[in-house]
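Report on the structure
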Amino acid sequence: PPLEPPRPLVTDQRARGRVLKQGFSAQRVPDPLDAVVIGSGVGGLAVAATLAKAGRRVLVLEQHDQAGGRCHTFQQHGIEFDVGIHYVGQLHEGSLLRVALDQVTDGQLCWHRLPDPYDEVTLGPRRYLLRSGKVAFVTALEEQFPAEKAAIREFMRLSKVASRHAALLALLKLSPRWLVTLLLRSGLLPRLSPVFRMATTSHSQAAAQLTANPDLRALFGYLFYGQGPSRQGGAVAIAGAAGGGGGRCCSRGWRFEVAFHAVPVIERAGGAVLVRAPVTRVLVSAAGTALGELRDPPPTPTRGMGTRGSAIPAARGGHGHCHRHGVGIVTVTATGWARPLSPPRDGHCHCHHHGVGTATVPPRAVSRLSPPPGRSCMTILTMARYEWFEEWAGSRPRHRGPEYQRYKMDIAQRLLDRALLRFPHLRDKVPPGTGWS
């Protein structure tokens, strides 16, 4: 069906909750089902909505109390924060990403381009600006690194290759195992496309091959997702960095709009998106096909979702936790400061050294451009080790005790102290009780 024109923005918390916070119960499970998707992040919702567009009835199960993954928001101290990816690149008309997002949300997302320059990166006493538009992006970098023009142009060439050939990585995952094995053992993959060679190289290694300048290498890798550059594949990271060349955009209503408009697409085909539904095991047959899932406590079996089969073994199902590093986030409210955080651009990356890719990455401070009257908002991100919080594994959020609260607030305070070195004019405007997510 054709896309609908954008409807008015829904800001009422209850109206949004009726879409994003539908709790799991056996009665809400559609019958029959064509597919079950575990996780309601943007990837899970995109898969489910695409299947729904093809007429499939899909159930999405989410362990959190609202759908959206990194595309959800939360409220603290009377202010709404969105703390995941705060801008997106390559959203010009007709781009693959723009078309895909329009399809899974029925064209309800309204995109706004950020002011230029859109980011400032601070490395010790040095500051670098990143500008929108591929020509302006390259020109600004060459002006700030005049001796590194060849490295910058090669980086942009690689980013173009990665962007154009990234779909081949997905195609490889969809290929039969025997074919993938044959391609790997024969050494044909790198000959088919350079993106496969880039995928086996970390982003840090790729940057080191381009330049010996530590500041430029940090700029090449300052945008990373979950894993640091030393652990992130070069193909995906370089393709993502290329999005900066085309400018950055944010959506009207910020990121919760993605989930808010994808859920109705799934429901319209007879599916459902249910939260508070942690999946503990995926059940498979002897032939290796999925039969269903088990929750804890398990739901009433419906249409084959019983206790048949066995859980996916560790070799096939992965480890207890996939990422040894995560992202720590502090949300800060500054009262009596109605202007955007200086400088007036969306992002500010503040690094005290070039240890990007380790667990000691210093905080990244990101200012918000549309705070409530009389207030500004700031989000501080840093890498965090899983082991720091491992003793609370399996416990419920908001029920982890006073020791956990003191521990995380101590980390939050240290991150805030770092951020206030960059924004000293906010030192007396941040109230006690900084929020943390």
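Throughout, a residue's number is its position along its own chain's written sequence, starting from 1. The predicted origin of the model limits local features to residues at a pLDDT of at least 70 and limits the giving and counting of side-chain atom pairs to 80 or more, whereas totals for whole chains, interfaces and linings rest on all residues. For the side-chain quantities, the full set of heavy atoms in the structure was used; hydrogens and water were omitted.

Under an unreviewed UniProt entry, the name given to the protein chain is RETST reductase, and the organism recorded is Toxostoma redivivum. UniProt positions are given in the numbering used here, feature names are shortened, and annotations may be inferred rather than shown by experiment. Regarding the protein chain, the UniProt comment filed under Sequence similarities (unreviewed entry) reads as follows: "Belongs to the carotenoid/retinoid oxidoreductase family. CrtISO subfamily."

1. A short note on the overall build of the protein chain
The helix count covers DSSP runs of H or I at least four residues long, the strand count covers runs of E at least two residues long, and both are numbered beginning at the N terminus. What the protein chain contains, in helices and strands, is 14 helices and 18 strands. When burial is assessed residue by residue, the protein chain has 47% of its 437 residues classed as buried. Sequence-distant contacts, at least 24 apart, represent 71% of the contacts inside the protein chain between residues at least 6 apart. Here the open area of atoms and residues is found with the Shrake-Rupley method and a 1.4 Å probe, where only the protein chains shown may cover a residue. Carbon and sulfur atoms provide 57% of the accessible area of the protein chain, an area that totals close to 22200 Å². Using a 1.4 Å probe on the protein chains alone, a residue whose accessible area is under 20% of its type maximum counts as buried, one over 50% counts as exposed, and one in between counts as partly exposed. Only heavy atoms matter for contacts: two residues are in contact if any of them lie within 4.5 Å across the pair.

2. Section: the pairing of strand β1 (residues 35-38)
Strand pairing requires that DSSP identify at least two bridges connecting the strands. Sheet analysis places β1 next to strand β2 (residues 58-61), joined by four bridges and oriented parallel. Paired with Val37 across the strands is Val60, a residue of β2. Viewed with both strands pointing away, a crossover whose connecting path from the first strand over the helix to the second turns clockwise is right-handed. Note on the crossover from β1 through helix α2 (residues 42-53) to β2: the handedness is right-handed.

3. So, the pattern of salt bridges
Counted as salt bridges are all cases of a side-chain nitrogen of Lys or Arg within 4 Å of a carboxyl oxygen of Asp or Glu. By the definition in use, this model includes ten salt bridges. Salt bridges here are not isolated pairs; linked through shared partners, they connect Lys53, Asp106 and Arg268.

4. Re the sheet that holds strand β10 (residues 272-274)
The strand order across the open sheet built from three strands is β1-β2-β10, with neighbouring strands paired in parallel fashion. On the outer flanks of this sheet lie β1 and β10, each paired with one strand and no other. Each adjacent strand pair in this sheet contributes to an overall mean axis angle of 15 degrees, direction not counted. Geometry is summarised by axes, namely lines fitted to C-alpha atoms with helices restricted to the contacting stretch, and by angles between N-to-C directions that run from 0 to 180 degrees.

5. Here we look at the packing of aromatic side chains
Note on aromatic pairs: the rings of Phe, Tyr and Trp (six-membered ring only in Trp) are paired at centre separations within 6.5 Å, and the planes decide the class, stacked below 30 degrees, edge-to-face beyond 60, tilted for the rest. Counted by the stated rule, this structure contains five aromatic pairs. When the ring of Tyr128 is compared with that of Phe145, the centres are 4.9 Å apart and the planes differ by 20 degrees; the resulting orientation is stacked. On the criterion of sequence distance, the pair formed by Tyr128 in strand β8 (residues 126-130) and Phe145 in the loop between α4 (134-144) and α5 (149-174) is long-range, its members being 17 residues apart. Grouping residues by exposure puts Tyr128 and Phe145 together as buried. Joined through ring pairs, the aromatic side chains of Phe389, Trp392, Tyr404 and Tyr407 make up one cluster. In this analysis the charged atom, NZ for Lys or CZ for Arg, is taken to sit over a ring once it is within 6 Å of the ring centre and within 35 degrees of the ring normal. The residue whose ring lies beneath Arg400 is Tyr404, and the NZ or CZ to ring-centre distance is 5.3 Å.

6. Details of a positive patch on the surface
Within this analysis, patches are made of residues with over 30% relative accessible area and no salt bridge. Like charges are joined at 9 Å or less; nonpolar side chains (Val, Leu, Ile, Met, Phe, Trp, Tyr) at 5 Å or less. His is not counted, nor are the chain ends, whereas Lys and Arg count as positive and Asp and Glu as negative. We put the charge of a Lys on NZ, of an Arg on CZ, of an Asp on CG and of a Glu on CD. On the surface, a cluster of positive charge is contributed by Lys21, Arg28, Arg276 and Arg398. By the secondary structure assignment, Lys21 is in the loop between α1 (13-20) and β1. Looking at Lys21, the relative accessible area reads 42%, which means it is partly exposed.

7. Some words on the nonpolar core
Within this scheme, the nonpolar core is defined by two criteria: the residues are buried Ala, Val, Leu, Ile, Met, Phe, Trp, Tyr or Cys, and they are joined through side-chain atoms within 4.5 Å. Core analysis: the largest hydrophobic core is formed by 27 residues, its most contacted members being Tyr118, Leu130, Phe137, Leu141, Phe145, Ile152 and Phe220. Counting only elements with at least two residues in this core, the list comes to β7 (119-123), β8, α4, α5, α9 (203-210) and α10 (214-221). Broken down by element, this core gets its largest block of residues, seven residues, from α5. Excluding anything up to four places from it in sequence, Phe145 contacts Tyr128, Ile152, Asn213, Asp215, Leu216 and Leu219. Among the nonpolar cores identified, the runner-up in size contains 19 residues, and Val19, Ala48, Ala259 and Phe260 belong to it.

8. Some words on the environment of Gln75
Among the secondary structure elements, Gln75 is positioned in strand β3 (residues 73-76). A relative accessible area of 48% places Gln75 in the partly exposed class.

9. Quick notes on the packing of α9 against α10
Two elements in contact, α9 and α10, have axes separated by 9 Å at closest approach and are oriented at 140 degrees. Regarding the angle of α9 to α10, the classification is oblique. Crossing angle aside, the handedness with which α9 passes α10 is right-handed. Touching His203, Ala207, Ala208 and Leu210 of α9 are Arg217, Phe220 and Gly221, all from α10. Polar here means any residue other than Ala, Val, Leu, Ile, Met, Phe, Trp, Tyr, Cys and Pro, which are nonpolar, and Asp, Glu, Lys and Arg, which are charged; Gly is therefore polar. Here the contact of α9 with α10 is built from residues that sort into four nonpolar, two polar and one charged. Angle categories are assigned with fixed cut-offs, so that under 35 degrees is roughly parallel, over 145 is roughly antiparallel, 65 to 115 is roughly perpendicular, and the rest are oblique. Crossings are assigned a handedness: left-handed for a near helix turned anticlockwise from the far helix by less than a right angle, right-handed for a clockwise turn.

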